[in-house]
Amino acid sequence: MSMRSGFVTLPDGGHLAFEVHGNEHRGTPALLLRPLAGAMALWGEFRDVLAERLQGIAFDPRGTGPSSDADLTATTRDMARDAVTVLDAVGVSRAHVFGISFGAMVATWLAIDAPERVARLCLASAGPTGLELTASGLKRGLELVASALVPGNDASAHLPAAVLSERVREDQPERVRAVEESAAADPPVRVELAKHAIAAARHDARDGLGRIAAPTLVLAGDHDELLGEAPTIALAAAIHGARREVIADAGHDLTLERPAATARRVAAFFLEGEA
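Residues numbered from 1 in each chain as written. Predicted model: local features only at pLDDT ≥ 70, side-chain atom pairs only at ≥ 80, totals over all residues. Heavy atoms only, no water.

> Teacher, can you tell me more about the environment of A41 here?
Topologically, A41 is positioned in the loop between β3 (30-33) and α1 (44-50). With 19 residues separating them along the chain, A41 and D60 place their C-alpha atoms 8.9 Å apart. (Helix = DSSP H or I, 4+ residues; strand = E, 2+ residues; numbered from the N terminus.)

So this is what it looks like as structure tokens:
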């Protein structure tokens, strides 16, 4: 599988690290947007399986990996504009867009504000706003973020694995270790993690969801302990023509718990538009 990487210069002088996988594929590529505190290295198996059928474009948003720091007032809508800059830099006028959790919030604004750039849209593990968590999910999320912000505490390196479902943490310790090792190689800076958490909490796309024109698939895990099912149902209902599907035996981060199955479903949906 071919891959190229580099940096995109932003209009304000900042920069974003990016990678393009599967350069040999023709047709519409897929832009991939990760969850909170998730560097693009965490795409792993999901990216590799998807790249067997589609070119994949990934980048580290501001405040992640080697990319520039995020502004204190950064929003998910701002990050969607950065995504457009990435597409411009790699010469892609129109892409399928997959976003999960925090990445789905960014993808939502991309589809609302730049509809001409989005061929098909897949939103996973997200709702219309950023504060739609189960009671246990909110408690767990606050504990994780608070722990990561304690000086000297390396919990931020374990945040991606911490969102895995209880079932996976108990039954697949090797998967948890693999995720933690990938995350620890490039852990989020605490202050940048806080900026992303604030941006996620402020996310509210309800007024714009009706303007999304791209064919849309909303994905959910049947064991999502953080979000539950109601927000993804509401998101699908608010987008004209959207359909919602459930990935079996998966928690909040479908791409970490069921990477191959999720990648195959996303690829199949995107390629419906290529026929």
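> Explanation requested: the nonpolar core in the structure shown.
The nonpolar side chains of soluble globular proteins are, as a tendency, buried together. Residues L31, I57, F59, V97, L110 and L121 are the most contacted members of the largest nonpolar core, which totals 46 residues. Considering every element that reaches this core, the biggest residue donor is helix α3 (residues 102-113), with 9 residues. Discounting residues that sit within four places of it in the chain, V97 has contacts with L31, L33, A107, L110, V118, R120, L121, C122 and F270. By size, the runner-up hydrophobic cluster in this structure holds 25 residues, among which are L54, A124, A267 and F269. (Core = buried A, V, L, I, M, F, W, Y, C linked by side-chain atoms within 4.5 Å. Buried < 20%, exposed > 50% of the residue type's maximum accessible area, 1.4 Å probe, protein only. Contact = heavy atoms within 4.5 Å.)

> Is there a simple way to think about the pattern of salt bridges in this case?
Opposite charge on two side chains makes pairing possible when the charged atoms of those side chains draw close. Under the definition given, this model contains 12 salt bridges. Salt-bridge contacts for R120 lead to E272; the nearest nitrogen and oxygen are separated by 3.3 Å. With R120 in strand β6 (residues 118-124) and E272 in helix α11 (residues 259-272), the pair connects residues that are 152 residues apart, well separated along the chain. Look at R120 and you get buried, because its relative accessible area is 13%. Each of R120, R243, E245, R265 and E272 takes part in one network of salt bridges that share partners. (Salt bridge = Lys/Arg side-chain N within 4 Å of Asp/Glu carboxyl O.)

> Could you clarify how one ought to interpret unusual backbone geometry in this entry?
Backbone geometry follows two general trends: most residues other than glycine have a negative phi, and most peptide bonds adopt the trans configuration. Positive phi values are uncommon outside glycine, yet S125 reaches one of about 55°. What makes S125 buried here is its relative accessible area of 2%.

> Quick question: what am I supposed to make of the sheet that holds strand β1 (residues 3-9) here?
Within a sheet, each strand pairs with its neighbour through backbone hydrogen bonds, oriented either parallel or antiparallel. In spatial order, the strands read β1-β2-β4-β3-β5-β6-β7-β8; together these 8 strands make up an open sheet with mixed pairing. One side of each edge strand has no neighbouring strand; the edge strands of this open sheet are β1 and β8 (243-247). Strand after strand, the sheet turns through a mean of 20° between neighbouring axes, direction not considered. The pairing of strand β7 (residues 216-221) with β8 spans 5 bridges and is parallel. What sits directly across from A220, in β8, is V246. Sheet strands in contact with helix α9 (residues 230-238) are β6, β7 and β8, and its direction is about 175° off that of β7. (Pairing = 2+ DSSP bridges. Axes fitted to C-alpha atoms, helices over the stretch in contact; angles between N-to-C directions.)

> Can you help me understand the pairing of β1 in this one?
On a regular strand, one side chain projects to one face of the sheet and the next to the other, so that they alternate. For β1 and strand β2 (residues 15-21), the ladder comprises 7 bridges, and the chain directions are antiparallel. Following the sheet pairing, T9 is matched in β2 by H15. Following β1, the chain reverses through 5 residues before pairing antiparallel with β2; G13 in that reversal takes a positive phi of roughly 95°.

> What exactly am I supposed to notice about the side chain of R34 here?
Looking at where R34 falls in the secondary structure, it is placed in the loop between β3 and α1. Take R34: its relative accessible area is 8%, and that puts it in the buried class. Among the polar contacts listed, one links the side chain of R34 to the side chain of T255, at a separation of 3.4 Å. When neighbours within four sequence positions are excluded, R34 is seen to be in contact with A39, M40, L42, W43, I100, F102, G103, D253, T255 and L256. (Polar contact = N/O pair within 3.5 Å; in protein donor to acceptor, adjacent residues only side chain to side chain.)

> I tried to follow the environment of H96 on my own but got confused; where do I start?
Assignment of secondary structure puts H96 in strand β5 (residues 95-100). Sequence spacing of H96 and V266 is 170 residues, and the spatial spacing of their C-alpha atoms is 9.8 Å. Contacts of H96, omitting those with residues within four sequence positions, involve T28, P29, A30, L31, A119, R120, F270 and E274. Polar contacts involving the side chain of H96 include one to the main-chain carbonyl oxygen of F270, which spans 3.3 Å.

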